[in-house]
Amino acid sequence: MKINESTSGLVEYEYAVSKGVDIYDGKFFFQSLQSSQLKSFDYEVTTYEGEFSSNQKSGNWVFSDKKMKEEDQKFVSGFRIVKPATGNENRISGKFQDGKAVGNWEAVKQDFITSEVQDTLFFIESTFKDNRLIGLFKSRSKSISIQGYFNADGYFQGDWEINHQTEDKFIQEIRTYEAGILKTYKIVIDDKTFDISYSGFDTSESRDEGQWEDYSLEEGYFKILNLVDLDIKQSVSSSINVSINDSHQKGNEFIKNSVLAFSHNSGFDIWNSLRGSSPLGLGKFRVKKFEFTTEEKQQIKETAENFEAIQSILNEFSDNPKVEIGKPAYEKLNEVELIFNIYKNELNQLKRMVEVITSDAFEFVNRDEIYGKIWPKLRLPIEVTYEFQSELVTKSHEFPKVPERNNFDLGQANSLIKRIREDVDALYGDAKTIFKAMEIEKSLSNDEKRLVEKKDKIESLFNTESKENDFNNYHERYSELVLKLTEDSFNTYGGLKIDEKKNRIKGLLNCYDELIDFYIFLKDLKSKNERLDVAYTKITFNPYMMVDMSERIKENIYEAFDESLKPYLFKKLSDDFTCESVDFAMEDINMVYQKMLELSKRDTKQEEKELRREKNPEAILSVLELKLKY
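Residues numbered from 1 in each chain as written. Predicted model: local features only at pLDDT ≥ 70, side-chain atom pairs only at ≥ 80, totals over all residues. Heavy atoms only, no water.

Q: What am I meant to see in the overall build of the protein chain here?
A: When its secondary structure is counted, the protein chain shows 14 helices and 26 strands. Expected size for 630 residues packed as a compact globule is a radius of gyration near 25 Å; at 46 Å, the protein chain overshoots this value by more than 25%. Counting only C-alpha atoms and orienting by the principal axes, one finds that the protein chain spans roughly 135 × 75 × 50 Å. Within the span of the protein chain, comprising 630 residues, buried residues form 43% of the whole. Sequence separation of at least 24 residues holds for 58% of the intrachain contacts in the protein chain that already meet a minimum separation of 6. Taking the average place of the 89 positive charges on the side chains of the protein chain and the average place of its 114 negative ones, the gap between the two points comes to 2 Å. (Helix = DSSP H or I, 4+ residues; strand = E, 2+ residues; numbered from the N terminus. Rg over C-alpha atoms; globule rule 2.2 N^0.38 Å. Buried < 20%, exposed > 50% of the residue type's maximum accessible area, 1.4 Å probe, protein only. Contact = heavy atoms within 4.5 Å. Lys, Arg positive; Asp, Glu negative; His and termini not counted. Charge placed at Lys NZ, Arg CZ, Asp CG, Glu CD.)

Q: Would you explain a nonpolar patch on the surface in this entry?
A: Together, Y544, M545, V547 and M549 give the surface a local cluster of nonpolar side chains, amounting to about 470 Å² of exposed area. Within the secondary structure, M549 sits in strand β26 (residues 547–552). (Patch = residues over 30% accessible without salt bridge, like charges linked within 9 Å, V, L, I, M, F, W, Y side chains within 5 Å. Areas by Shrake-Rupley, 256 points an atom, 1.4 Å probe, with all protein chains shown as cover. Salt bridge = Lys/Arg side-chain N within 4 Å of Asp/Glu carboxyl O.)

Q: Please explain the environment of L525 as it appears in this structure.
A: With respect to the helices, strands and loops of the structure, L525 is situated in helix α10 (residues 498–535). Residue classification places L525 among the buried residues on the basis of a relative accessible area of 0%. With 93 residues separating them in the primary sequence, L525 and K432 have C-alpha atoms 52 Å apart. Ignoring anything within four residues of it in the chain, the contact list for L525 reads Y474, F570, I589 and Y593.

Q: Help me understand the state of the cysteines in this model?
A: When the sulfur atoms of two cysteines share a covalent bond, that bond is a disulfide. Applying the stated criterion to the full structure yields one disulfide. C511 shares a disulfide with C579; S-S distance 1.5 Å. Every disulfide takes its handedness from the sign of the S-S torsion; for C511 and C579 that torsion is -45°, giving left-handed. Remark: C579 occurs in helix α12 (residues 579–599) and C511 occurs in helix α10; sequence separation between them is 68 residues. Each member of the pair, C511 as well as C579, is classed as buried. (Disulfide = S-S within 2.5 Å.)

Q: Please explain the nonpolar core as it appears in this structure.
A: Side chains of nonpolar character tend, in soluble globular proteins, to be buried together. If you look at the biggest cluster of nonpolar residues, it comprises 110 residues, and the most contacted ones within it are Y48, Y221, F262, W271 and F362. It is helix α8 (residues 410–462) that contributes the most residues to this core, 13 residues altogether. Among the nonpolar cores identified, the runner-up in size contains 53 residues, and L522, F561, L565 and C579 belong to it. (Core = buried A, V, L, I, M, F, W, Y, C linked by side-chain atoms within 4.5 Å.)

Q: Whenever I open this one, the packing of aromatic side chains confuses me. Can you help?
A: By convention here, two paired aromatic rings are described through the distance between centres and the angle between planes. Overall, the coordinates contain 51 aromatic pairs when judged by the stated rule. Each ring, one from F96 and one from W105, has its centre 5.3 Å from the other, and the planes form 80°; the classification is edge-to-face. Since its relative accessible area comes to 1%, F96 is described here as buried. Here Y536 and Y558 contribute two aromatic rings whose centre-to-centre distance is 5.5 Å and whose plane-to-plane angle is 45°, an arrangement assigned as tilted. Of this pair, Y536 sits in the loop between α10 and β25 (537–542) while Y558 sits in helix α11 (residues 555–575), placing them 22 residues apart in sequence. On the basis of relative accessibility, which here comes to 0%, the residue Y536 falls in the buried class. (Phe/Tyr/Trp six-rings, centres within 6.5 Å; stacked < 30°, edge-to-face > 60°.)

So yeah, pure geometry; function would need other evidence.
Below, the structure written as C-alpha cells:
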C-alpha cells in the first residue's frame, strides 16, 4: 500500500463487502520499513493503527514516525534474536468518530537510546470536536511552552501565553485574540511589559476598508505578521529590540509547528493520506483583506520580473571571467563593474522591499501604512570614480532618482525597479558588445597564427632553392609571382585597423589556401601533360625495322593546345596574378585538360579541320566549345 510518494508498506485490515465493493471495516494496521536517507539513521518506520467503520475512521488511532539506528548488541525476546535501536519518534494519538476528529488528542516527540525513552522533546495536547480544535491547547519543549484557547468555532480565542526560557532571562509573550482577531500583543522581559503592534495589520472590525476573511496557519497567517517590522510603543535598547524580535519569530514558529503537528509530518498530511476522514480544522484567524486593483497586480508582477532580471544580470556579469580579462584593455568594463557593485550593495534594501510587495501576505495589510517602512534608503551617487590603466577616472552617471519617503507607494516602487532594470540592461548591453569583441579578437588571434603558418609554408614551397622533390619548371615560373602576392597581401593586412582585419582575415586565409593548392596543381601538371601525350600518340610495330613506331594523332588539335592554348592560359595567369585569378585559372586549365582527354577518344574530324594552322587562342577555345572563367 502506498501512503505518499516516499512511503509504501504492508497493510493488514478487516473489511466488509458493500454492493460488491470491499470497504474498510474493523481493525487496520500499516507499517513501512525503509532504509533512511539520513546519515544519522539506518531505518525509517511509519505506522498507522486504528479502526474503520464503514470506510470511515473510528475510535482510537495512533500514527508513528520513527527514525532508528541499529545498535551492535543483541538480546533474546521469545524465540527471536533482536537488536535495540537509538533514534527518535513522532507519535500522534487521537480519536475519530464517523471520520471526524473528536476528544483528547496528543502529539509527542521523544528521543530513544537503546530502545528506552531518554528525553521528551515536545509534548502537545488539545481537544477536537466535530473535526476542529476547541478549548485548551498546550504545547511544551525544553525552551518554550504555549498555553492558549480555541473557541467553539475553532478560532484562536483569549490569551495565548508563550513562555521562553533563555540562558539569562525569562520572556513571556501574551497574544490576545477575539474570535480569531489579534487584539493586543505584549512581551514581558524581566517583569517589564512592552506593547507591540503591526503596521498595517488591522485589529479592529470597526473600520470600513477591506473585508474580513478566515485565514489558517496552512495558508500562511504568520507570513502576514512577519511581513513588516514590529512597532514597539516603548523606547527600548538595541539588545531588548533583538530579544523582542527573536522571541516573536520563535513564538510564531512554535505555535505553527505545535498546532500543525496533529496532522502534518515531514511535508505530508498524515490523516488525509489515508482514506476515511476529513481534513482537520487546525485553528482559524480572522484577517482583513485589502484587495489589489488590476493595476496593482500588474505593478507587482512587473516588479518581481524586473528585480529577478536585475539580480540575474548582476550575477551573470560578476561570474563572467571576461570581466577581469578585459578590464586592463577596455575602460567601459571598469565603469560597468563599479556601477553594478553600487547596485549590488543596495540589493538588500531593494530585496526587502520586493519581498514585501510580492508576498501573498501583502494583500492582508493596509499598504498605505507600511510603504514608509519598506522605502529603500538608497545611496546612489551622481558620479563614479574607477581606476583604468593606473589612472583614476571620474565620470558622471545618471542613476535612477529615488522617490521621497512620504511619496512612496507601489507605483513608485515599480517605477524605481523598472528604471534600475533599464540602466542595468543598457550597461550590460555595452559589456556584452565588449565581450563579443573580445571573442572576435581571440578568434582573430588564432586566425593570425594560422595565417603566419600558411605564409611560411607558401614561402617554403615556392622558394627557388626549395628542396622539395616535386619542385618543377612550373613552380619556378610562378615562384616570384606567388611570393610577391603573399608578401604584399600580408603587409597590406598588417597595416589595417582592427575592424578591417576582422573583415579581411577569412578572405586572406582562403587566398593562402588557394596558393598552397596552386603548388599541388602545378606539381600535377607534369603527369597531366604526360597523360595527354600518351592519349594523342599512336604506337605501331614496324616489322621491317622490328621496332615500335610512335605517331602523333589528331595533330591539329594537339598542336593548337600545346603550342597556342596552353601558353596562352599560363601567360594570362601571369599577367593578372591574384588570389581570385589563381582559383579560376586552376579550374579553367583543369577544364581544358579534361576536354583534351575527351577529344582524344571521339571522332574529331570537324574540329581538326577548323583548327588546321589555327594559332588564335580565342578561336581555339571557340572551336573546342570552352568558356573561361577568367
